[in-house]
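Read off the chains here:
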Amino acid sequence: MKKVTQWLLNPPVTGQSSFLIIRLMAGTVFFFEGILKFVYTNQGVGRFTKLGFPFPETTAHVIATGEIIGGLLLIFGLFTRIVALYFVAQMIVAVLSTKIDLYLGTSPLPLPPAPPKSGIWAVEHEIRSDYAQILGCLFLVVEGAGRLSLDFIRKTAQKIYTYDFSAE
């Protein structure tokens, strides 16, 4: 367990600066989706109610708050691995709770506006953004936030200010 904790808390920070693009893509999507859950009932409480989640109001607010805070953390590159791993798990739950019923044609949510309305091709079409978010976050779990991140500053600050005066 200690190795897993160390792995999560000490991501590599020597990755390319261009990792910022992946963080911006994933972080802003989660940030804005979190805000939407508060602003539009059909995206928050109403959606969780239709899906049959227990305590839909509390669930919607907890998920929305996590998306807003987590989105900002991804954007700034702080605790990137932990946040990205949380979002991977969240997206898997989202896919399982919405796309199976879409496949079967029994979704309590509105069906897609254009054919296909159910089945594998409807799922393939509707899962595209979920898939992109999962893969973007998996990339960040594996590679870390990169050099343009607060994780980089946090990790390198520990090394920069550590000096052994006894060696003189």
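Model, not experiment: these values are computed from the prediction.

1. Quick notes on the environment of Thr-80
Okay, step 1: Inspection of the secondary structure assignment puts Thr-80 in helix 5 (residues 80-104).
Okay, step 2: Here the alpha-carbon distance between Thr-80 and Phe-31, two residues 49 residues apart in the chain, equals 14 Å.
Okay, step 3: Ignoring any residue separated from it by four or fewer positions in sequence, one finds Thr-80 in contact with Arg-23, Leu-74, Leu-140, Gly-144, Ala-145 and Asp-151.
Okay, step 4: Within the local environment of Thr-80, its side chain forms a polar contact with the side chain of Asp-151, the two groups lying 2.8 Å apart.

2. Things to note about the packing of aromatic side chains
A ring pair, where both rings are aromatic, is described by two values, the distance of the centres and the angle of the planes.
Okay, step 1: In this structure the tally under the stated criterion is five aromatic pairs.
Okay, step 2: Centroid distance Phe-30 to Phe-87: 3.7 Å. Interplanar angle 5 degrees. Geometry classified as stacked. Residue Phe-30 is found in helix 2 (residues 19-39), and its partner Phe-87 is found in helix 5; the two are separated by 57 residues along the sequence.
Okay, step 3: Looking at Phe-30, the relative accessible area reads 2%, which means it is buried.
Okay, step 4: Relative accessible area serves as the criterion here: at 0%, Phe-87 is assigned to the buried category.
Okay, step 5: Ring centres of Phe-31 and Phe-32 lie 5.3 Å apart, and the angle between their planes is 65 degrees; this geometry places the pair in the edge-to-face category.

3. Regarding the packing of helix 1 (residues 2-9) against helix 5
Okay, step 1: At a minimum axis separation of 7 Å, helix 1 and helix 5 run at an interaxial angle of 105 degrees. One element, helix 1, and the other, helix 5, form an angle in the roughly perpendicular class. Contact with helix 1, carried on its side by Trp-7, Leu-8 and Leu-9, involves Arg-81, Ile-82 and Leu-85 of helix 5 and no other residues of that element.
Okay, step 2: Residue classes in the contact of helix 1 with helix 5 are distributed as five nonpolar, no polar and one charged.

Calculation rules
- Residues numbered from 1 in each chain as written.
- Predicted model: local features only at pLDDT ≥ 70, side-chain atom pairs only at ≥ 80, totals over all residues.
- Heavy atoms only, no water.
- Helix = DSSP H or I, 4+ residues; strand = E, 2+ residues; numbered from the N terminus.
- Contact = heavy atoms within 4.5 Å.
- Polar contact = N/O pair within 3.5 Å; in protein donor to acceptor, adjacent residues only side chain to side chain.
- Phe/Tyr/Trp six-rings, centres within 6.5 Å; stacked < 30°, edge-to-face > 60°.
- Buried < 20%, exposed > 50% of the residue type's maximum accessible area, 1.4 Å probe, protein only.
- Axes fitted to C-alpha atoms, helices over the stretch in contact; angles between N-to-C directions.
- Parallel < 35°, antiparallel > 145°, perpendicular 65-115°, else oblique.
- Nonpolar A, V, L, I, M, F, W, Y, C, P; charged D, E, K, R; others polar.

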